[in-house]
Amino acid sequence: MNDDVRNIVLGVMAAGVSAALGWLARTVLWRRALRRKQAFFGLPDHSEALLVVNRNAGGPEKAVMRHDVFALLELSALIKDCRAHAQVLAHDAAQQGFGERTEFCLGGPVSNHRTAAHLSSLLPGVDVNTQAEPGPERGSFRIDGTDYRGEHGRSEYVLLARLTAGERREARPVFLFCGQSAITNQAAARYLARHHERLARKYRAGSFVLLLKVVNSQAYGPDVVELVADVTRAARTPRPEAGADGDG
């Protein structure tokens, strides 16, 4: 074998080794990112997640708003990326506890009875106005003494929460998308899909409650979202009872 042939063979071998090492490094990094994502969502390989579907608050019992369907599609893609499976349940059919399977619960307490239960038991510091009559107060949030009223199509709020019950490390989280309109639910789902890596770094496997504002949805849809505040502590602290500061 002359020098030219030897150099060609050595070059091919070096290129092959470099390609194999590059592929191995990319695979290791991809698997590490996948495990972090699975840990954040509580979705190991072949696990099952619940998608708890709300209803159209102003329409037939079985109707689901178009933007809520889009939100479900966003969440389904996240679940599939984690190599897990989704089971869709109506909000009034999900009669089970939490912590056994990851749950994505969509909609406010008027359109989703399961959300109402989670707010009562897990977020006692959040008060949502559920009055039936249309008005500026309907659907507003009250958190830590501050009211957040939405203006339809211009400025609307949604709570995005990751909640765990108890201290069990293996407990699966509940993700709550509690918005003042269907498009805000979709905005929160999209925000989670876009920012889950940053949220995982900041909160790891812990609970959080974020108050988001959807800006000018009539022009920008669910894409322009502002983080108003991290309200975790206030949302998880029970509100003082009326008259608690009274005499005696």
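Just above, that's the structure.
These numbers come from a predicted model, not from an experiment.

### With respect to the overall build of the protein
Then, number 1: When helices and strands are counted, the protein shows six helices and 10 strands.
Then, number 2: A buried classification covers 41% of the 248 residues belonging to the protein.
Then, number 3: Taking the contacts inside the protein whose residues are at least 6 apart along the sequence as the reference set, 66% of them involve residues at least 24 apart.
Then, number 4: Looking at the protein as shown, the accessible area adds up to about 13,800 Å², and 53% of this sits on carbon and sulfur atoms.

### Some words on unusual backbone geometry
Then, number 1: Look at His-46: it is not a glycine, yet its phi comes out positive at around 65 degrees.
Then, number 2: Mapped onto the elements of the fold, His-46 is located in the loop between helix 1 (3-41) and strand 1 (48-53).
Then, number 3: With relative accessibility at 66%, the residue His-46 sits in the exposed group.
Then, number 4: With phi around 55 degrees, Asp-144 is a residue other than glycine that occupies positive phi space.
Then, number 5: The topology assignment puts Asp-144 in the loop between strand 5 (141-143) and strand 6 (146-148).
Then, number 6: We classify Asp-144 as exposed; its relative accessible area is 65%.

### With respect to the environment of His-113
Then, number 1: Within the secondary structure, His-113 sits in helix 3 (residues 113-122).
Then, number 2: Spatially, the C-alpha atom of His-113 lies 6.3 Å from that of Asp-92, the residues being 21 residues apart in sequence.
Then, number 3: Leave out the neighbours within four places in its chain, and His-113 touches His-91 and Asp-92.

### Describing the packing of aromatic side chains
Then, number 1: Using the criterion set out here, one finds eight aromatic pairs in the structure.
Then, number 2: Residues Phe-40 and Phe-208 carry aromatic rings whose centres are separated by 6.3 Å and whose planes lie at 10 degrees to one another, so their mutual orientation is stacked. Of this pair, Phe-40 sits in helix 1 while Phe-208 sits in strand 9 (residues 208-215), and the two are 168 residues apart along the sequence.
Then, number 3: Seen in terms of ring centroids, Phe-41 and Phe-175 are 5.3 Å apart; in terms of plane orientation they differ by 40 degrees. Their pairing is tilted. Within this pair, whereas Phe-41 is found in helix 1, its partner Phe-175 is found in strand 8 (residues 174-179), the two being separated by 134 residues in sequence. There is no split in this pair, since Phe-41 and Phe-175 are both buried.
Then, number 4: Members of the aromatic cluster, each reached through a chain of ring pairs, are Phe-40, Phe-41, Phe-104, Phe-175, Tyr-203 and Phe-208.
Then, number 5: Its end group placed over the ring of Phe-40, Arg-162 keeps NZ or CZ at 5.3 Å from the ring centre.

Reading the values: the criteria
- Within every chain, residues take consecutive numbers counted from 1 along the sequence as written.
- Confidence filtering applies because this is a predicted model: local features only for residues at pLDDT of at least 70, side-chain atom pairs given and counted only at 80 or more, and all residues used for totals across whole chains, interfaces and linings.
- Hydrogens are left out, water is left out, and the side-chain values use all remaining heavy atoms of the structure.
- Numbering of helices and strands starts at the N terminus; helices are DSSP runs of H or I of at least 4 residues and strands are runs of E of at least 2.
- Any residue under 20% of the maximum accessible area for its type is buried, any over 50% is exposed, and the rest in between are partly exposed; the area is computed with a 1.4 Å probe on protein chains only.
- Residue contacts are defined here by distance: any two heavy atoms, one from each residue, within 4.5 Å place the two residues in contact.
- For every accessible area listed, the method is Shrake-Rupley and the probe measures 1.4 Å; residues are considered covered only by the protein chains on display.
- Stacked, tilted and edge-to-face are the three classes applied to pairs of Phe, Tyr and Trp rings, where Trp contributes its six-membered ring and a pair requires centres within 6.5 Å; stacked means planes under 30 degrees apart, edge-to-face means over 60, and tilted covers the rest.
- Any Lys NZ or Arg CZ that is within 6 Å of a ring centre and within 35 degrees of that ring's normal is treated as a charge sitting over the ring.

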